[in-house]
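Single-letter residue listing:
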Amino acid sequence: MNIVYEYLFVFLLSIVSVFIVTHFIIKLALRINFVDNPAARKVHKKAIPLMGGIAVFTGFIIFSIYGNLLLADKTFDIPVIGYLAGATLIVLVGIIDDKFGMKPLVKMAGQLLVCLVFLFTNDYTEILGPIYITVPILTLWMIGLMNALNFLDNMDGIISGMAAILAFGFYAFNFICKTNANVPQIHYMSLLSLTFAGSLLGFLPHNFNPAKIFLGDAGSMFIGYFLGTMGVITGRMAVIRTSSNWFYLIPVLLLSFAIFDISLVSITRKRDGRRVSQGGKDHSTHRIGTAMGSTKVTALIVYLINCIIVLTTILIMKMQSVNLLVSATLIFAIVFVFFASKLDKVPIVVPKNQLKESKI
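Computed from a predicted structure; not experimentally measured.

With respect to the packing of helix 5 (residues 131–152) against helix 8 (residues 216–242)
Each pair of packed helices can be summarised by the angle the axes make with each other and by the distance between the axes.
For step 1, the next point in the chain: Contact geometry for helix 5 and helix 8: axes closest at 7 Å, N-to-C directions at 145°. Seen from above, helix 5 lies across helix 8 with right-handed handedness. For the pair helix 5 and helix 8, contact is made by L138, W141, M142, L145, M146, L149 and N150 and by D217, S220, M221, I223, G224, Y225, L227, G228, T229, G231 and V232, respectively.
For step 2, the next point in the chain: A breakdown of the residues in the contact of helix 5 with helix 8 according to their chemical character gives 11 nonpolar, six polar and one charged.

Below is the structure:
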């Protein structure tokens, strides 16, 4: 089968399958009371099924395995097994947290284990230098993104649509970075990106406002895992392709909106004497929603911002210009700082669980 048709087939199949499966998962979640109940820090007013991450992951894992079988070598080597094992572990951690709750340190220990499984099975332990430098930096990158996406999953359809857009960006980067030496890896990463995008697009109609089901921690941390790992892989391939270490900035630029949101939340909460780790209605998305008066418009604005970021990074990667990469990174940083200053003026609701003196 022609590789283009393989990609298209897996992409469409993942969309349709997840769309159908999500219907059944909604019914199952309601039946077993696996739901997210309303609270002061949350936007929704009624209990919503909380097993969306399972629907997305099911489509991803099934069609990632199926996609791998479509490749010429049809093998499951250690890197592939390690990558999928890491994805499975983070979803299990999220499911336990969604259902029973989990102390932050225990959750972080699970995230750390997932990072180490990915880094050691994929041999990324020395790409930035000695192992004692590379592993801490990449672990911080991955855990940071898992929590950034977990934080950003606060309004209907935001990260499911945003992550699908970013997955298309990774798909494009894979082809730009293609060389004779890395064809098998490029093909598999491309299939992973399209399977991930397809699974999210199949889920999005159920998750867009008004949402019938939420991703939960299982879904948001899985999305963070995918974006973090693909950032590591793409950054490494970009550096090899261009022979310039500056291109490790590519994934930072691509995922800059998620980095911007968690930075805004952390800085403003710390400044105002509020708990950084507790959820609240003070994210960039909440502030945009307050200013625009619409959850749907907020989601579309976030999609547009990420489309601009993706197209910019694709152009930079295509031109392989270090000057353009550094300039664009600085420009986006300045724009986000300006954007943050404006959003900081938007009124927010501060629930009791964010106050340091609260016992709740």
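Details of helix 1 (residues 3–31)
A turn of α-helix holds 3.6 residues, and therefore any two residues three or four places apart point the same way.
For step 1, the next point in the chain: Spanning 29 residues, helix 1 covers 42 Å between terminal C-alpha atoms, matching the ideal 42 Å at 1.5 Å per step.
For step 2, the next point in the chain: Considered for burial, the residues of helix 1 that qualify are E6, Y7, V10, F11, S14, V18, T22, I25, I26 and A29.
For step 3, the next point in the chain: Phi turns positive, to about 60°, at N33, one or two residues after helix 1.

What about the pattern of salt bridges?
For step 1, the next point in the chain: Applying the stated criterion across every chain yields a total of eight salt bridges.
For step 2, the next point in the chain: For K107, the salt bridge identified is with D97, shortest N-O distance 2.7 Å. Within this pair, whereas K107 is found in helix 4 (residues 104–121), its partner D97 is found in helix 3 (residues 78–100), the two being separated by 10 residues in sequence. With respect to burial, K107 and D97 carry one shared label: buried.
For step 3, the next point in the chain: A salt bridge links R269 to D282; the nearest nitrogen and oxygen atoms lie 2.7 Å apart. In this pair, R269 sits in helix 10 (residues 256–271) while D282 sits in the loop between helix 10 and helix 11 (284–292), placing the two residues 13 residues apart along the sequence. There is no split in this pair, since R269 and D282 are both buried.
For step 4, the next point in the chain: Ionic contacts of the salt-bridge type, sharing partners, join the residues R269, R271, D272, R274, D282, R287 and D344 into one network.

Remarks on helix 12 (residues 295–319)
For step 1, the next point in the chain: If you check helix 12, its first and last C-alpha atoms are 37 Å apart, about what 25 residues at 1.5 Å a residue would give, namely 36 Å.
For step 2, the next point in the chain: Considered for burial, the residues of helix 12 that qualify are T295, T298, A299, V302, Y303, I305, N306, I309, V310, T313, I316 and M317.
For step 3, the next point in the chain: One side-chain oxygen of the residue at the start of helix 12 lies 3.3 Å from the amide nitrogen of K296, identifying that residue as S294.

Quick word on the nonpolar core
For step 1, the next point in the chain: One finds Y83 and F226 to be the most contacted residues of the largest nonpolar core, which totals 109 residues.
For step 2, the next point in the chain: Every residue in contact with F226, bar those within four places of it in the chain, is listed here: F60, Y83, A167, F170, L192, S193 and F196.

As for the packing of aromatic side chains
For step 1, the next point in the chain: One pass over the structure, following the stated rule, counts 22 aromatic pairs.
For step 2, the next point in the chain: Taking 5.7 Å as the distance between ring centres and 20° as the angle between the ring planes, the aromatic pair formed by F260 and F339 counts as stacked. A residue pair is termed long-range when its members are at least 10 positions apart, and F260 in helix 10 and F339 in helix 13 (residues 322–343) qualify at 79 residues.
For step 3, the next point in the chain: Between the aromatic rings of F332 and F336, the centroid separation amounts to 6.4 Å while the plane-to-plane angle is 40°, which identifies the pairing as tilted. Within this pair, F332 and its partner F336 are both found in helix 13, separated by four residues, close to a single helical turn.

Some words on a nonpolar patch on the surface
For step 1, the next point in the chain: On the surface, a cluster of nonpolar side chains totalling about 700 Å² of accessible area is made up of L112, L116, F120, L128, I131, Y132, I133 and I137.
For step 2, the next point in the chain: For the nonpolar patch, the elements supplying multiple residues, two or more each, are helix 4 and helix 5.
For step 3, the next point in the chain: Tracing the chain through its elements places I133 in helix 5.
For step 4, the next point in the chain: Given the relative accessible area of 34%, I133 is considered partly exposed.

Describing the side chain of D97
For step 1, the next point in the chain: Residue D97 is classed as buried on the basis of its relative accessible area of 11%.
For step 2, the next point in the chain: A distance of 2.7 Å separates a polar atom in the side chain of D97 from a polar atom in the side chain of K107.
For step 3, the next point in the chain: Contact partners of D97, with chain neighbours within four places excluded, come to M102, K107 and D217.

Here's the deal with unusual backbone geometry
For step 1, the next point in the chain: Residue P210 is reached from N209 by a cis peptide bond, and omega for that bond is -5°.
For step 2, the next point in the chain: Of note, P210 is situated in the loop between helix 7 (183–207) and helix 8.
For step 3, the next point in the chain: Even without a glycine there, the phi angle at N33 is positive, about 60°.
For step 4, the next point in the chain: Tracing the chain through its elements places N33 in the loop between helix 1 and strand 1 (35–36).
For step 5, the next point in the chain: Given the relative accessible area of 54%, N33 is considered exposed.

Description of the side chain of T242
For step 1, the next point in the chain: Topologically, T242 is positioned in helix 8.
For step 2, the next point in the chain: Those residues in contact with T242 that sit more than four places away from it in its chain are F247, M317 and Q320.

Criteria and cut-off values
- Residues numbered from 1 in each chain as written.
- Predicted model: local features only at pLDDT ≥ 70, side-chain atom pairs only at ≥ 80, totals over all residues.
- Heavy atoms only, no water.
- Axes fitted to C-alpha atoms, helices over the stretch in contact; angles between N-to-C directions.
- Helix = DSSP H or I, 4+ residues; strand = E, 2+ residues; numbered from the N terminus.
- Left-handed = near helix turned anticlockwise from the far one by under 90°.
- Contact = heavy atoms within 4.5 Å.
- Nonpolar A, V, L, I, M, F, W, Y, C, P; charged D, E, K, R; others polar.
- Expected span 1.5 Å × (residues − 1).
- Buried < 20%, exposed > 50% of the residue type's maximum accessible area, 1.4 Å probe, protein only.
- Salt bridge = Lys/Arg side-chain N within 4 Å of Asp/Glu carboxyl O.
- Polar contact = N/O pair within 3.5 Å; in protein donor to acceptor, adjacent residues only side chain to side chain.
- Core = buried A, V, L, I, M, F, W, Y, C linked by side-chain atoms within 4.5 Å.
- Phe/Tyr/Trp six-rings, centres within 6.5 Å; stacked < 30°, edge-to-face > 60°.
- Patch = residues over 30% accessible without salt bridge, like charges linked within 9 Å, V, L, I, M, F, W, Y side chains within 5 Å.
- Areas by Shrake-Rupley, 256 points an atom, 1.4 Å probe, with all protein chains shown as cover.

Scope: geometric values only; no functional claims are made or implied.
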